[in-house]
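Listed here are the chains, written in short residue letters.
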Amino acid sequence: MVQHEKYMQRCIELAGLGIGAVSPNPMVGAVVVFDDKIIGEGYHHKYGEAHAEVNAIEQVINKHPNSSELLKQATIYVSLEPCAHYGKTPPCADLIIKHQIPKVIVGCRDPFNQVDGKGIEKLKDAGIEVVVGVLEKECQWLNRRFFTRVQKHRPYIILKWAQTSDGFFAPDNNSQHWITGIESRKLVHQWRSEEDAVLVGKNTVATDNPQLNARYAQGRSPKRVVIDRKLELNQNLNVFDHSVETLIFNELKTDIEGKNKYIALEDFDRYVPQYILFQLYLQDIQSVIIEGGAHTLNSFIEADLWDEARIFTGEKELKKGIKAPAVIGKVTGEYSSGKDKILMLVNS
């Protein structure tokens, strides 16, 4: 089992390289092992492209002239159950059967209805030995965004905010006030590149005129989601620059203007977080990082619609202003970012 865990850990490391590029698919890594040595490895690089198992097996074929014989004696490790249906690509279970790989070690089952045990069953029916559940919790955590979308029919929600050392979110006079340092701002841009969308309320856009992109990080910028009930925001603000797809939730119109999509909600007095998340789910948005303002953050907290919270605390004090949101969850980590502190929580 220790050997299994070693190779599954490598699968998880490989899978993580696909973050921000494979949604709404899961991140998956695979390694092919022969004689206690990795002879091929791969991961799912981009949505619509080859899956991890395909890339790992192809590497074996490209590197080893006797690949056919090696594969017939090898073990393939994969962090998520091999697919058994035709989607953007052919079933990976069929590929494993075709190459007569005799043993498959799976991190965790795929909850997607068209897979969910069917890949494992297909492999077993072909006479392949299958072991399931190696580093299962770690593999499930890796794909927490995918699991949440499939099982809860909503995106995975990350709350993010910065607060002063005395617990304030912002001044109460609608002025812009930086709480964190440049290291933290760069980290936030990296986080944005890993999620499908970033969401803010009207006041945050009006006060800060944010670009909400990932310009300080490598990777693509997320879609932007803005809540502007009465469409009061100036169209010259950065979020309406058509650089990325931007969804504007309001109560007045549903329309598409370039990359800006206006989505009217029938009821803006009740269940607004729920309505927004369902619309995002319908648009294949698998994860959202909510960055403000305080009212928007609190509305999702009060609805118990959040999965992670990432809270920066800076050195500065404000003495008065808008109080920072408060959330109760399980602490998963405490870190430093320059002179700032970061508290990481999950909703338990």
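Everything numeric here is computed off the predicted structure, so don't read it as measured data.

Draft legend 1. Broad picture of the overall build of the chain. Helices and strands together make up the secondary structure of the chain, namely 11 helices and 17 strands. For 348 residues, the compact-globule estimate of 2.2 N^0.38 gives 20 Å, and the chain sits close to it at 23 Å. Residue burial in the chain is summarised as follows: out of 348 residues, 51% are buried. Considering only contacts in the chain between residues 6 or more positions apart, those separated by 24 or more positions represent 68%. When the accessible area of the chain is evaluated, it comes to approximately 16600 Å², of which 48% is carbon and sulfur surface. Computed over 42 positive and 45 negative side-chain charges, the separation of the two mean positions in the chain equals 3 Å.

Draft legend 2. Broad picture of the packing of aromatic side chains. Summed over the entire model, instances satisfying the criterion amount to 5 aromatic pairs. Here Phe146 and Phe147 contribute two aromatic rings whose centre-to-centre distance is 6.1 Å and whose plane-to-plane angle is 75 degrees, an arrangement assigned as edge-to-face. For Phe146, a relative accessible area of 5% translates into the label buried. Of note, Arg144 hangs over the ring of Trp141, and the distance from its end group to the ring centre comes to 3.8 Å. Of note, Lys253 hangs over the ring of Tyr262, and the distance from its end group to the ring centre comes to 4.1 Å.

Draft legend 3. Here's a closer look at the pairing of strand β13 (residues 287-292). Extensive coverage of β13 is indicated by the burial of 6 of its 6 residues. Inspection of the sheet shows strand β6 (residues 156-163) paired to β13 by 4 bridges, in the parallel sense. Looking at the pairing, Leu159 lines up with Ile290 of β13. Sheet topology note: the strand β8 (residues 197-201)/β13 ladder contains 4 bridges and is parallel. Across the sheet, residue Val200 finds its bridge partner in β13, namely Gly292.

Draft legend 4. Spotlight on the sheet that holds β6. Taken in spatial order, the 10 strands of this open sheet run β11-β12-β10-β9-β8-β13-β6-β14-β17-β16, and their pairing is mixed. Lying at the two open borders of the sheet, with one neighbouring strand each, are β11 (255-257) and β16 (330-337). Within the sheet, the average angular offset between the axes of one strand and its neighbour, ignoring direction, is 20 degrees. Running over the sheet, helix α7 (residues 144-152) touches β6, β13 and β14 (308-313) and is turned about 125 degrees from β6.

Draft legend 5. Layout of the pairing of strand β2 (residues 37-43). Where strand β1 (residues 29-34) lies against β2, 6 bridges are found, and the strand directions are antiparallel. Its bridge partner lying in β2, Gly29 is registered against Tyr43. Hairpin connection, β1 to β2: the antiparallel pair is bridged by 2 residues, and Asp35 has positive phi, about 55 degrees.

Draft legend 6. Fine view of the pattern of salt bridges. For the coordinates displayed, the defined rule picks out 22 salt bridges. As a salt-bridge pair, Asp267 and Arg270 come within 3.5 Å of each other at their nearest N and O atoms. Of the charged contacts in the structure, one is a salt bridge between Arg310 and Glu308, with a shortest N-O distance of 3.2 Å. The same class applies to Arg310 and to Glu308, which are both buried.

Draft legend 7. Examining the nonpolar core more closely. Counting 40 residues, the largest nonpolar core has Met8, Val32, Tyr77, Ile96 and Val104 as the members making the most contacts within it. No other element matches helix α1 (residues 2-15), which puts 5 residues into this core. Apart from residues lying up to four places away in sequence, Met8 is in contact with Tyr77, Val78, Ser79, Ile105, Val106, Gly107, Val134, Leu135 and Cys139. Core analysis: the second largest hydrophobic core is formed by 32 residues, Leu159, Val272, Val288 and Ile311 among them.

Draft legend 8. Up close: the environment of Tyr7. Within the secondary structure, Tyr7 sits in helix α1. C-alpha separation for the pair Tyr7 and Ser67, spaced 60 residues apart in sequence, amounts to 20 Å. Once residues within four sequence positions are removed from consideration, Tyr7 is found in contact with Val31, Val33, Asp36, Lys37, Ile38 and Tyr77.

Draft legend 9. Spotlight on the side chain of His4. Topologically, His4 is positioned in helix α1. We classify His4 as buried; its relative accessible area is 17%. In this structure the side chain of His4 is engaged in a polar contact, spanning 2.8 Å, whose partner is the side chain of Tyr77. If sequence neighbours within four positions are ignored, His4 has contacts with Tyr77, Lys103, Ile105 and Val134.

Draft legend 10. Quick peek at the sheet that holds β2. Across the sheet, 5 strands lie side by side as β2-β1-β3-β4-β5; this open sheet has mixed pairing. Either end of the sheet is taken by a strand with one partner, and the two such strands are β2 and β5 (129-132). Looking at each pair of strands side by side, their axes are set apart by 15 degrees on average, direction ignored. Its contacts with the sheet put helix α2 (residues 52-63) on β1, β2 and β3 (75-80), and the angle it makes with β2 is roughly 135 degrees.

What counts and how
- Residues numbered from 1 in each chain as written.
- Predicted model: local features only at pLDDT ≥ 70, side-chain atom pairs only at ≥ 80, totals over all residues.
- Heavy atoms only, no water.
- Helix = DSSP H or I, 4+ residues; strand = E, 2+ residues; numbered from the N terminus.
- Rg over C-alpha atoms; globule rule 2.2 N^0.38 Å.
- Buried < 20%, exposed > 50% of the residue type's maximum accessible area, 1.4 Å probe, protein only.
- Contact = heavy atoms within 4.5 Å.
- Areas by Shrake-Rupley, 256 points an atom, 1.4 Å probe, with all protein chains shown as cover.
- Lys, Arg positive; Asp, Glu negative; His and termini not counted.
- Charge placed at Lys NZ, Arg CZ, Asp CG, Glu CD.
- Phe/Tyr/Trp six-rings, centres within 6.5 Å; stacked < 30°, edge-to-face > 60°.
- Lys NZ or Arg CZ within 6 Å of the ring centre and 35° of its normal.
- Pairing = 2+ DSSP bridges.
- Axes fitted to C-alpha atoms, helices over the stretch in contact; angles between N-to-C directions.
- Salt bridge = Lys/Arg side-chain N within 4 Å of Asp/Glu carboxyl O.
- Core = buried A, V, L, I, M, F, W, Y, C linked by side-chain atoms within 4.5 Å.
- Polar contact = N/O pair within 3.5 Å; in protein donor to acceptor, adjacent residues only side chain to side chain.

Nothing here speaks to function; it is geometry throughout.
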